[in-house]
Amino acid sequence: MSNILQHRQSKQRGVALVIALMITTIAISLASVAMYRQQIQIRLTGNIASLEQAYQYAIGMEDWSKKILEQDYKDNPKVDHIKENWAAELPPIPVDGGTLIGRLWDLQGKLNLNSVDMIYPKIPPPKNNNAKQPNQPKPKVIKTEPLVHERITKLFAKIDKDQALGPPENFTDTLWDWIDKKDEERQGGAESGYYQSLEKPYMAANTPLMDISELLLLKGMTKELLEDLKPLVSTLPKETSINLNTAEPEVLEAIGFNKETADAIIKAREETPFESMNDFWSVSEVATLFTEGSEMGKKKANYAQTLTVTSDYFLLEGAVVINNTRIFINSILERKKGKVHVISRDFGNPYKSKQKTN
């Protein structure tokens, strides 16, 4: 009898030990989960704090950009070129917990794709708006749509060398159809009827492009072609002239200059940036092209209307790294009468130390 009782007691102690071990294991597991969650929470809190800190530094770069562009305007409001302070890339600058880097780009050194549906009016305002001028002739409006169409077509021909989208005019027509308010499809273009027939239908925007990435919605556009276009084009909200001091070689050729003249323009501005349009017209290769009576000479007024040596729109590209958090900033800045303000901002595109080089 005593043996049986001892066996039962031993068995009960064994069960109790197993239960104790199970409880201990569960407690340890729960403690581990709690510690893990606590670590995640601490890391999440730290990341949020780093993200907020990085965001503030990115906005600080915008403030820096505003100040340097406003100071540049005070120093010389009639010219902008890549030898000025605003065009210098910021070296990696140490900040509390990390570094920041950034630089400004002149968006008027690129082709404004929205220009395809705009007209350059050369209308000087009268000196006295209240004065009656009954015999005043109507102001002359220089229509440059054909010129802009030609430039965008030439640029795209250099990008799409294999004509993946067909003749380069197709891209310009498709772009024009996407932007204009009409629903009339151009020869190589596409309107809402085409986009509505796709597997995932959508309408043509019928408004100016808001961002370059919107080009991916256009008929036939590919990511590869878009990447090649990005450094050479802009989507500015207003009609803009092209700054000859900052225009890329491909843009100069798209404007209508042959390679020899484009190279001469770049060489001339590298030696001495154009302080005025007269400096540009005096470049011997340019003067030869625009000889009175020549094909380009007849269009000199149109060219003069669409070219400049100063800029109003700039792009800030920057990156901030705080601990393990990285944030990018891409802000479009408009400078108007010496004052600068942000007209768009996004945090999606990675920072590149350079876009295109001359």
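Student: Even after reading the chapter, I still don't get the overall build of the chain, so can you show me in this structure?
Tutor: Each helix and strand counted, the chain has ten helices and nine strands in total. Here the chain holds 358 residues, and the buried ones make up 42% of them. Taking all contacts inside the chain whose residues are at least 6 apart in sequence as the whole, residues at least 24 apart take part in 65%. Of the accessible surface of the chain, which amounts to about 20,900 Å², a share of 55% is contributed by carbon and sulfur atoms.

Student: Help me out: how do you make sense of the packing of aromatic side chains in this one?
Tutor: The description of an aromatic ring pair rests on the distance of the ring centres and on the angle between the ring planes. Counted under the stated rule, the structure contains 14 aromatic pairs. With 6.2 Å between their ring centres and 70° between their planes, W178 and Y202 make a pair best called edge-to-face. Separated by 24 residues along the polypeptide, W178 in helix α3 (residues 168-179) and Y202 in the loop between α4 (192-196) and α5 (223-229) bring together distant segments of the chain. Through a chain of ring-to-ring contacts, three or more aromatic side chains come together here, namely F257, F274, F280, W281, F290 and Y303. The cationic tip of R103 hangs over the ring face of W105; the distance from NZ or CZ to the ring centre is 4.2 Å. Between the NZ or CZ atom of K300 and the centre of the ring of W281, over which it lies, the distance is 4.6 Å.

Student: What exactly am I supposed to notice about the pairing of strand β8 (residues 325-336) here?
Tutor: Across a regular strand the side chains alternate sides, sitting on one face of the sheet and then on the other. Among the twelve residues of β8, ten are classified as buried, and the element is accordingly described as predominantly covered. Direction of pairing for strand β7 (residues 313-322) relative to β8: antiparallel, over a ladder of ten bridges. Across the sheet, residue V321 finds its bridge partner in β8, namely R326. Counting the residues between successive antiparallel strands, the hairpin from β7 to β8 contains two residues, one of them, N323, with a positive phi of roughly 55°. In this sheet, strand β9 (residues 339-346) lies alongside β8 in antiparallel orientation, the contact comprising seven bridges. Looking across to β9, one finds that L333 is bridged to V342.

Student: I would appreciate a short explanation of the side chain of S192 in the present structure.
Tutor: Within the secondary structure, S192 sits in helix α4. The exposure class assigned to S192 is buried, which follows from its relative accessible area of 7%.

Student: Even after reading the chapter, I still don't get the pattern of salt bridges, so can you show me in this structure?
Tutor: Between side chains of opposite charge, a pair can form as their charged atoms come close. Within the structure shown, the criterion is met by ten salt bridges. Notably, a salt bridge pairs D177 with R186, separated by 2.9 Å at the nearest N-O pair. On the basis of relative accessible area, R186 is assigned to the partly exposed category, the value being 21%. A salt bridge links D180 to R186; the nearest nitrogen and oxygen atoms lie 2.6 Å apart.

Student: Can you walk me through the nonpolar core in this structure?
Tutor: What tends to happen in soluble globular proteins is that the nonpolar side chains get buried as a cluster. Core analysis: the biggest nonpolar cluster contains 51 residues, and L175, L215, M221, F257 and F280 have the highest contact counts within it. When residues of this core are traced back to their parent elements, those giving at least two are α2 (145-159), α3, α5, α6 (249-255), α7 (259-271), α8 (277-281) and α9 (284-289). Setting aside residues no more than four positions away along its own chain, F257 makes contact with L252, A262, I265, F280, L289, F290, M296 and L307. Counting 18 residues, the second-largest nonpolar core is a separate cluster that includes A54, A87, L333 and V340.

Student: Can you help me understand unusual backbone geometry in this one?
Tutor: Residues other than glycine predominantly adopt negative phi, and peptide bonds predominantly adopt the trans conformation. Backbone geometry places Q163, a non-glycine residue, at a positive phi of 55°. Looking at the element boundaries, Q163 is found in the loop between α2 and α3. Even without being glycine, N206 reaches a positive phi, approximately 60°. One can find N206 in the loop between α4 and α5.

Student: Whenever I open this one, the sheet that holds β9 confuses me. Can you help?
Tutor: Strand pairing in a sheet relies on backbone hydrogen bonds. The paired strands run either parallel or antiparallel. One open sheet holds the five strands; their spatial order is β1-β2-β7-β8-β9, and the pairing between them is antiparallel. Of all strands in the sheet, those bounded by a partner on one side alone are β1 (90-95) and β9. On average, each strand axis in the sheet is tilted by 25° relative to the strand beside it, whichever way the strands run.

Student: For this particular structure, what's the right way to read the environment of A304?
Tutor: Inspection of the secondary structure puts A304 in helix α10 (residues 300-306). Look at A304 and you get partly exposed, because its relative accessible area is 35%.

Student: Help me understand α7 in this model?
Tutor: For an α-helix the count is 3.6 residues per turn, leaving residues at separations of three or four pointing the same way. Between its terminal C-alpha atoms α7 stretches 18 Å, which fits the 18 Å expected from 13 residues at 1.5 Å a residue. When we look at burial in α7, the residues that qualify are T261, A262, A264, I265, I266 and R269.

Student: Which parts of the structure should I look at to understand the environment of L113?
Tutor: In this structure, L113 sits in the loop between β3 (111-112) and α2. Residues L113 and H149 lie 36 residues apart in sequence; the distance between their C-alpha atoms is 9.4 Å. The contact partners of L113, leaving out residues within four places of it in the chain, are I152, L175, I179, L209, L215, V233 and S234.

Quick notes on the rules
Residues numbered from 1 in each chain as written. Predicted model: local features only at pLDDT ≥ 70, side-chain atom pairs only at ≥ 80, totals over all residues. Heavy atoms only, no water. Helix = DSSP H or I, 4+ residues; strand = E, 2+ residues; numbered from the N terminus. Buried < 20%, exposed > 50% of the residue type's maximum accessible area, 1.4 Å probe, protein only. Contact = heavy atoms within 4.5 Å. Areas by Shrake-Rupley, 256 points an atom, 1.4 Å probe, with all protein chains shown as cover. Phe/Tyr/Trp six-rings, centres within 6.5 Å; stacked < 30°, edge-to-face > 60°. Lys NZ or Arg CZ within 6 Å of the ring centre and 35° of its normal. Pairing = 2+ DSSP bridges. Salt bridge = Lys/Arg side-chain N within 4 Å of Asp/Glu carboxyl O. Core = buried A, V, L, I, M, F, W, Y, C linked by side-chain atoms within 4.5 Å. Axes fitted to C-alpha atoms, helices over the stretch in contact; angles between N-to-C directions. Expected span 1.5 Å × (residues − 1).

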